[in-house]
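Secondary and tertiary structure notes
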Amino acid sequence: MYLNKPIQAFRQNVTDKYTIYNSLFAALPFSGIANVGALLPIFLQACVDGYQMGKSPMEIVHDFFSRHAQVNDEADQQDRLFKFVQYIERQVVLFDAIEDAAFDSVNQLNGTGSLKALYNEAYFKGKLPLLREKLQQFKVRVVLTAHPTQFYPGSVLGIIHDLGEAIAKNEFETINLYIQQLGITPFFNKKQPTPLDEAVNLMWYLENILYQSIGNIYNFINNEILDNTNENPFIELGFWPGGDRDGNPFVNAATTLKVAESLRSAIIVCYYRDIRKLKRRLTFAGVDSLVTKLETQLYENVFRPEDSKRLQQADLLQQLNDIKTLMTAQHHALYINRVNSLINKVKIFGTWFAALDIRQDSRIHTAVIQNIHDTLVQQQKQGILPDDYHEMSESDKINHLLQIEQVIDVNDTSTDIAKDTVESIFAMNTIQQVNGEQGCHRYIISNCQSALNMIEVYTLFKLCGWNTQQLSVDIVPLFETIGDLTKAQAIMTCLYQLPAYQQHLKARQNAQTIMLGFSDGTKDGGYLQANWRIYTAKEQLTAISRAHHIKVKFFDGRGGPPSRGGGKTNKFYASMGNQIENEEIQLTIQGQTITSNFGTLKSAQYNLEQLLTAGISNTVFAENRIDISEAHRQLLEELGSISYQVYQSFKAHPQFLPYMQQFSPLNYYNKSNIGSRPGKRGNADKLVFEDLRAIPFVGSWSQLKQNVPGYFGVGSALQSMKDAGRWNEVNALFKDVAFFRTLIDNSMMSMLKSFFPMTAYVQEDPVYGPIWKMIKAEYDLTQSLVLELSGTKVLMEEDQPGRASILMRDKIVLPLLTIQQYALHQLKRTDLPESFRTNYEKLVTRSMFGIINAARNSA
């Protein structure tokens, strides 16, 4: 039976504290706050009671205004709803801060999945030598992305952090001040942020959280496990804001260079702060002058970079080691651990802090090569493509591109996108010269559908003057759709057999990074099929990479919710079988997941350790890894195929997209000003499914509280096995295969976050009622069968604190959800005055903020 201690700690440190501190909002000395604070609990109860009675959001809002608020004027009603929205936004921040403050009381920081637990298990099982060997090789790469799932502006993130610290210390007066500050701090961007804005906002986590937490992990491993014999960084950071061009017309080469410079400045500032602290302790003869010299150089690199020598990682390490040598020889090595700690950070972060990835769509590269050819011809220069290029086979095109020896410049392009693509490749070289090679060494190809797509990028680097014999860039294919995943093995086999690409891989230590997209995979093929296809693709890619003596590294494009590869991520990696390469764990972290998993030092260190130990345990305790049997594998194939067909049938429903546009905030994502990237690909007026991005797709289902991408098709697949008398096989699969258990567990999270009473009114609609009933039937079926399969009575029964957190957050935002549905319904009125229409649209977008933030991993 699940222990009650964590849930008791949650109730004491989260639920009870929220009740206490929430009351402070009503006492804020601002106009109208007390009235809102008095009426909101009444409105919340009206929502709870109304949905239990089968009322619609519109009936709940109308009844509330007529019975409790006595507000009849529509403009006044809109004003009252806006005040509710603002109040609830701040309640969500308070809950975030309280939960962050209680993190170490609810979670066992040194329990299962921690480095200390890993060390102890290895010690008692006689596996310390193997653990040390694995630690010298294994890495986790966490890549922060700017995808629009984060609604908190930077100012609010700082308040959450400071408020959490005050709550942890029970500093009542300070807490009250921060709550007052929240009351008058704007919660939304008045204009759409630029890619540079997004980058600067994310750097807050680098400087304030990850710099310290990753340093702490490195110090523990190096000092306690490896006895200071390590050169492996263990954890590396990647960064997409300013480098990810895929579908974002606002990212250009100038932005990329500015972000790279900002990353360099940020890490130098961190070193400067640390050396300033060290200076107060390293007051010994000779050492003090060396510290002062380094302090001055760091200062000048940040504030006068154009007038000073650019420090490189090797320079910093040399000076710090000189300080360390002198301290050891003449000053009894006093405070040597503090110097070692800074040396370790320099080893990890260098002068780049986080590696800036460049990403662009394969179709752009094809067009750019054509544009270069056309421009050269127009300039009466020699083109790069033969006249019959487009009639050539793929292999002939590859052979031709590999023979190109010309070098171009930016003037050899004639479109904006071609110019920027070429400039971005030049920018990568500049960044490597200034920040170090690690500062920008990966070029990711979205929508990679052929080996030719990879060679096109390789050719662009040749055209831009890079030495392809020693190309210091990893070319990374991104396979996303079910079709892409199916073709991935053949594509990589073709590349591995090309002499030119073999030479390139040799220069990259015979290592190939391959990115797999969970978001678009699920959007394309449904939850169960997408996850199984990614699993089998990894097995196939591992096999062919090993056959060609290549170390493959898988880079998972994950979002926040289970439907985008999120959920309990560490359990996913712990469930990987022996047939999947375990060289590194690489994954994207975005938006709310950054806030929820890496928002505090304790949560960041805990979650990073969980990822690190999940991968290491798979090798050190390999006897615990059970490969999926052929029988289980066949069952997963059948389950995936059935769920895929059910999901495809659902997508083919003529009202599939119109349903989302009618009842969810899908059409309002671009108006929310939360990210620089458009919500869909292309410029077409009419929305088509293929152009719809995964984030607004998944996020809209989340705000509709139906979470379709996280479970749809699972129940039908399970029921088909039950009908065929094969339920015992499914039970055995759940018992024996950790990968399948993890999928079911994460699906439960998606279902727990669903709430169908809010949209039950839709079932009476003659056009959209049938699709609502279809979704509800699949939800009910899936919930019933996963509970039976897991032997539990309620969803997430075995994670009581997680379940309690979700239910409490959902209750806080229930009025927001109701207001959003009400506003969407009002916008359908044909007699709506334009001023009212504008306000209802604002209500939709503003309600999105609190709903998304409360869910923490909904998009």
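Residues numbered from 1 in each chain as written. Predicted model: local features only at pLDDT ≥ 70, side-chain atom pairs only at ≥ 80, totals over all residues. Heavy atoms only, no water.

With that out of the way, let us pick up the overall build of the protein chain. Helix and strand counts for the protein chain stand at 34 helices and nine strands. Relative to the 2.2 N^0.38 estimate, which gives 29 Å for 859 residues, the radius of gyration of the protein chain is 28 Å and therefore close to what a compact globule would have. With the C-alpha coordinates of the protein chain rotated into their principal frame, the extents come out at 75 × 75 × 60 Å. Buried residues in the protein chain amount to 61% of all 859 residues. Residue pairs in contact within the protein chain that sit at least 24 positions apart in sequence constitute 81% of those at least 6 positions apart. (Helix = DSSP H or I, 4+ residues; strand = E, 2+ residues; numbered from the N terminus. Rg over C-alpha atoms; globule rule 2.2 N^0.38 Å. Buried < 20%, exposed > 50% of the residue type's maximum accessible area, 1.4 Å probe, protein only. Contact = heavy atoms within 4.5 Å.)

For any pair of aromatic rings, geometry is given as the distance between the ring centres together with the angle between the planes. Tallied over the full model, the rule gives 40 aromatic pairs. With centroids separated by 5.4 Å and ring planes inclined at 15°, the aromatic side chains of Phe 43 and Phe 84 adopt a geometry described as stacked. A residue pair is termed long-range when its members are at least 10 positions apart, and Phe 43 in helix α2 (residues 33–52) and Phe 84 in helix α4 (residues 74–101) qualify at 41 residues. Relative accessible area serves as the criterion here: at 0%, Phe 43 is assigned to the buried category. Aromatic pair Phe 756 and Trp 772: ring centres 5.9 Å apart, planes at 75°, arrangement edge-to-face. With Phe 756 in the loop between α31 (738–752) and α32 (769–790) and Trp 772 in helix α32, the pair connects residues that are 16 residues apart, well separated along the chain. Just above the ring of Phe 756 sits the side chain of Lys 776; from NZ or CZ to the centre is 5.8 Å. (Phe/Tyr/Trp six-rings, centres within 6.5 Å; stacked < 30°, edge-to-face > 60°. Lys NZ or Arg CZ within 6 Å of the ring centre and 35° of its normal.)

Let us now look at helix α24 (residues 591–598). In terms of burial, α24 is a largely internal element, seven of the eight residues being buried. Here α24 has its buried residues at Gly 591, Gln 592, Thr 593, Ile 594, Thr 595, Ser 596 and Phe 598. Tucked inside the fold, the buried residues of α24 contact β1 (139–145), α8 (154–168), α10 (195–225), β9 (584–590), α25 (601–620) and α34 (834–855).

Read across the sheet, nine strands follow the order β3-β2-β1-β9-β8-β7-β6-β5-β4 without closing on themselves; strand pairing throughout is parallel. Strands with a single pairing partner mark the edges of an open sheet, and in this sheet they are β3 (355–356) and β4 (358–361). Sheet topology note: the β1/β9 ladder contains seven bridges and is parallel. The residue of β9 that forms the bridge with Val 142 is Leu 587. (Pairing = 2+ DSSP bridges.)

Another aspect to go through is the environment of Cys 440. Relative to the assigned elements, Cys 440 resides in the loop between α17 (416–435) and β5 (442–446). Considered as a pair, Cys 440 and Gly 286 are 154 residues apart in the sequence and their alpha carbons are 37 Å apart. Not counting residues within four places of it along the chain, the set of residues in contact with Cys 440 comprises Leu 356, Ile 358, Met 428, Ile 431 and Gln 432.

Scanning the model with the defined rule gives 43 salt bridges in all. In this structure, Glu 584 and Lys 139 form a salt bridge, with 3.8 Å as the shortest nitrogen-oxygen distance. Within this pair, whereas Glu 584 is found in strand β9, its partner Lys 139 is found in strand β1, the two being separated by 445 residues in sequence. We note that Glu 584, like Lys 139, is buried. In the salt-bridge network here, residues are joined through shared partners; they are Lys 139, Arg 141, Glu 236, Lys 553 and Glu 584. (Salt bridge = Lys/Arg side-chain N within 4 Å of Asp/Glu carboxyl O.)

The next thing to look at is the environment of Leu 718. Position of Leu 718 among the secondary structure elements: in helix α29 (residues 714–723). The residues contacting Leu 718, other than those within four sequence positions of it, are Leu 639, Trp 727, Val 730, Phe 740, Leu 785 and Val 786.

Another aspect to go through is the side chain of Ser 700. Relative to the helices and strands, Ser 700 is located in helix α28 (residues 694–703). The buried category is assigned to Ser 700, whose relative accessible area is 0%. If sequence neighbours within four positions are ignored, Ser 700 has contacts with Met 660, Ser 664, Pro 665, Leu 666 and Tyr 669.

Formed by 267 residues in total, the largest nonpolar core has its most connected members in Leu 206, Phe 239, Tyr 271, Tyr 659, Trp 701 and Phe 740. Looking at which element gives the most residues to this core, the answer is α10, with 14 residues. Once you skip the residues sitting within four places of it in the chain, Phe 740 turns out to touch Leu 528, Leu 636, Leu 639, Leu 718, Val 730, Leu 733, Phe 734 and Leu 789. Grouped together as the second largest cluster of nonpolar side chains are seven residues, Val 476, Leu 478, Met 515 and Phe 555 included. (Core = buried A, V, L, I, M, F, W, Y, C linked by side-chain atoms within 4.5 Å.)

Time to look at the packing of helix α11 (residues 253–279) against α17. Remark: α11 packs on α17, axes separated minimally by 8 Å, with the N-to-C direction vectors making an angle of 20°. As the angle between them shows, α11 and α17 are arranged roughly parallel. Here α11 and α17 pass one another in a crossing that is right-handed. Of α17, the residues touching α11 (which contributes Ala 253, Thr 256, Leu 257, Ala 260, Glu 261 and Arg 264) are Asp 420, Glu 423, Ser 424, Ala 427, Thr 430, Ile 431, Val 434 and Asn 435. Looking at the contact of α11 with α17, its residues break down into six nonpolar, four polar and four charged. (Axes fitted to C-alpha atoms, helices over the stretch in contact; angles between N-to-C directions. Parallel < 35°, antiparallel > 145°, perpendicular 65-115°, else oblique. Left-handed = near helix turned anticlockwise from the far one by under 90°. Nonpolar A, V, L, I, M, F, W, Y, C, P; charged D, E, K, R; others polar.)

Bear in mind that shape data such as this cannot, by itself, settle questions of function.
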